[in-house]
Amino acid sequence: MQQTSEILFSVYCPALSKDVILLKNTWFGHIIKAHGSLRSKEGLLKRVIEKVDKPHRFLRFADEPKNFWFIDHQCPDFKPYHECLRIAFKLLEDSSVIVASAYPIERGIMTYGT
């Protein structure tokens with residue numbers, strides 16, 4: 001993986017059988033900037049990733065490139081406004097996986113396909 005930022009954390013994801021990396025510039029420069037309700041919730045994000053087990057159904061949006069996929073995790077931390085935490089993963093050319101984004105969503109408001 002070519003690093004453009006320091007690693008905030010790296011955690012093993014059982015569903016992928018590999019480590020998933022969250023870069024500091026993604027966390028502070030994108031996730032917190034665009035989705036402020038996740039401020040100080042990096043521990044939650046890490047716990048969700050390390051508990052995604054097999055056979056988890058990863059989601060893929062029709063308009064996204066094939067190297068992006070998503071999981072939705074029901075998460076009471078954001079109630080009453082949001083029920084799920086959506087995590088976007090990106091597979092890089094060297095086969096490493098990074099968190100591309102994470103954001104709370106209301107369950108069922110977004111449509112997606114596999």
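Described in the following lines is the structure provided in the data block. Since this is a predicted model, take the numbers as computed values, not measurements.

Observations regarding the nonpolar core
Here is step 1 of the chain: The biggest cluster of nonpolar side chains holds 25 residues, and the ones touching the most others in it are Leu45, Ile49, Leu85, Ile87, Phe89 and Val99.
Here is step 2 of the chain: Listing elements by their share of this core, those giving two or more residues are strand S1 (7–13), strand S2 (18–23), helix H1 (24–34), helix H2 (42–51), strand S3 (68–74), strand S4 (84–91) and strand S5 (97–105).
Here is step 3 of the chain: Per element, the largest residue contribution to this core is four residues, and it comes from H2.
Here is step 4 of the chain: When sequence neighbours within four positions are dropped, the list of residues in contact with isoleucine 49 reads Phe9, Val11, Tyr12, Cys13, Pro14, Val20, Ile87, Phe89 and Val99.

Some details on H1
Here is step 1 of the chain: For H1, the full list of buried residues reads Thr26, Trp27, Ile31 and Ile32. In a view along the axis of H1, the buried residues occupy a sector of 130°, so they form one face of it. Turned more than 90 degrees away from the buried face of H1, the exposed residues are Phe28 and Lys33.
Here is step 2 of the chain: In this fold, the buried residues of H1 make contact with S1, S2, H2 and S5.

So, the sheet that holds S5
Here is step 1 of the chain: Spatially, the five strands line up as an open sheet ordered S1-S2-S5-S4-S3, and their pairing is mixed. Only two strands of the sheet have a single partner each, and these edge strands are S1 and S3. Pairs of neighbouring strands in the sheet enclose a mean axial angle of 35°, with direction left out of account.
Here is step 2 of the chain: The sheet contact formed by S4 and S5 spans eight bridges and is antiparallel. Within S5, the position partnered with isoleucine 87 by the bridge is alanine 102.
Here is step 3 of the chain: Packing against the sheet, H1 makes contact with S1, S2 and S5, and its axis sits at approximately 50° to S2.
Here is step 4 of the chain: Across the sheet, H2 is in contact with S1, S2, S3, S4 and S5; its angle to S1 comes to roughly 25°.

Considerations on H2
Here is step 1 of the chain: Along H2, the residues that are buried comprise Leu44, Leu45, Val48 and Ile49. All buried residues of H2 fall inside an arc of 130° around its axis, so they share one side.
Here is step 2 of the chain: Where H2 is buried, its residues meet S1, S2, H1, S3, S4 and S5.

So, how was this worked out
Residues numbered from 1 in each chain as written. Predicted model: local features only at pLDDT ≥ 70, side-chain atom pairs only at ≥ 80, totals over all residues. Heavy atoms only, no water. Core = buried A, V, L, I, M, F, W, Y, C linked by side-chain atoms within 4.5 Å. Buried < 20%, exposed > 50% of the residue type's maximum accessible area, 1.4 Å probe, protein only. Helix = DSSP H or I, 4+ residues; strand = E, 2+ residues; numbered from the N terminus. Contact = heavy atoms within 4.5 Å. Arc of directions from axis to C-beta. Pairing = 2+ DSSP bridges. Axes fitted to C-alpha atoms, helices over the stretch in contact; angles between N-to-C directions.

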